[in-house]
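Take a look at the letters that make up each chain.
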Amino acid sequence: MNRVLYQFPLSHYCEKARWLLDFKDLEYSVKNLFPATHRLLTLWKANSTTVPLVKDGKEWIGDSTELAFYLDAKYVLRPLLPSNPDLRRQAIILEDLADKAGVHVRRWAYSQALGSEQVTDLLFNDYPMVKPFKKQLAPFIKRGIGQMYQANPEKGAISLQKMLKVMDDIEEKLIANGGRYLVGDCLGLADISVASLFVPVLALKDTPWETLTPQNELMEQLYQQTLNRPLGQWIIRLYQEERGARGNWRG
């Protein structure tokens, strides 16, 4: 097998990439990159500063959306996008909406929980080589993450409102399509993108965020609201019924 996913286990964009590869039933190995030093590889191979980064034979793909289009073009079985032009357009619009909202999900989550020991454990537990130095490295990593993602209370509050607006819009589309899938009558790119990029809010079992319990009243409120709304129940159902191979995120 010559297919590798380079990732951060805690990244919901990497969860999207894992799900895309699993949906296509492709074998791959996982290698965890360490934050900051990951750029040595991503810049070299994909002119990118972010993960996921996928090596597929001689090809290097450095973005989850780019990966989706690449996979559909090369591996035609189980298409991620519908052939119908109107449905395809709807799916691409929703995927883009979810991708942009994912930035705000990440900023909101880190703005609320970055200072907790729980997050420290999540950041370091999947890196055995650096875990012994967790206490010394944690302040620098947290400061770097806060600066890189603008994860502060002011920006986090703005991101929360943008998240909620997107959740309302997507939920409206879901209900209008019958409540099972976002576009058409089968799982596709739009569903995978929305579910994977919003799942950290729900801290679902068998995901990297399963131990990320709410750290304050505001997080608890968002958790309960998401859990009880149609969109939250839909994400839970997709993970229970559709996700498939979920154990590959640790590497």
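Structure shown above.
Source: prediction; values computed, not measured.

Conventions and cut-offs
Residues numbered from 1 in each chain as written. Predicted model: local features only at pLDDT ≥ 70, side-chain atom pairs only at ≥ 80, totals over all residues. Heavy atoms only, no water. Core = buried A, V, L, I, M, F, W, Y, C linked by side-chain atoms within 4.5 Å. Buried < 20%, exposed > 50% of the residue type's maximum accessible area, 1.4 Å probe, protein only. Helix = DSSP H or I, 4+ residues; strand = E, 2+ residues; numbered from the N terminus. Contact = heavy atoms within 4.5 Å. Pairing = 2+ DSSP bridges. Right-handed = clockwise from strand over helix to strand, strands pointing away. Expected span 1.5 Å × (residues − 1).

With respect to the nonpolar core
- Counting 80 residues, the largest nonpolar core has Leu 71, Tyr 110, Leu 182, Phe 198 and Ile 235 as the members making the most contacts within it.
- Tallying contributions element by element places helix H4 (residues 85–113) first for this core, with eight residues.
- Sequence-distant contacts of Phe 198, that is, excluding residues within four places in its chain, are made with Ala 101, Val 105, Met 163, Val 166, Met 167, Ile 170 and Ile 235.

Looking at the pairing of strand E2 (residues 29–32)
- Judged from the four bridges that link them, strand E1 (residues 3–7) and E2 form a sheet pairing that is parallel. When the sheet's bridge partners are listed, Leu 5 is paired in E2 with Val 30.
- For the segment spanning E1, helix H1 (residues 12–23) and E2, crossover handedness is right-handed.

A word on helix H6 (residues 134–148)
- Between its first and last C-alpha atoms H6 spans 20 Å; for 15 residues at 1.5 Å apiece the expected length is 21 Å, and the two agree.
- Regarding H6, the residues found buried are Ala 138, Ile 141, Lys 142, Ile 145 and Gly 146.
- Residues of H6 that are buried make contact with H4 and helix H5 (117–124).
- Downstream of H6 by a residue or two, Gln 150 has a phi angle that is positive, lying close to 55 degrees.

Such coordinate-based values are descriptive only and should not be taken to indicate function.
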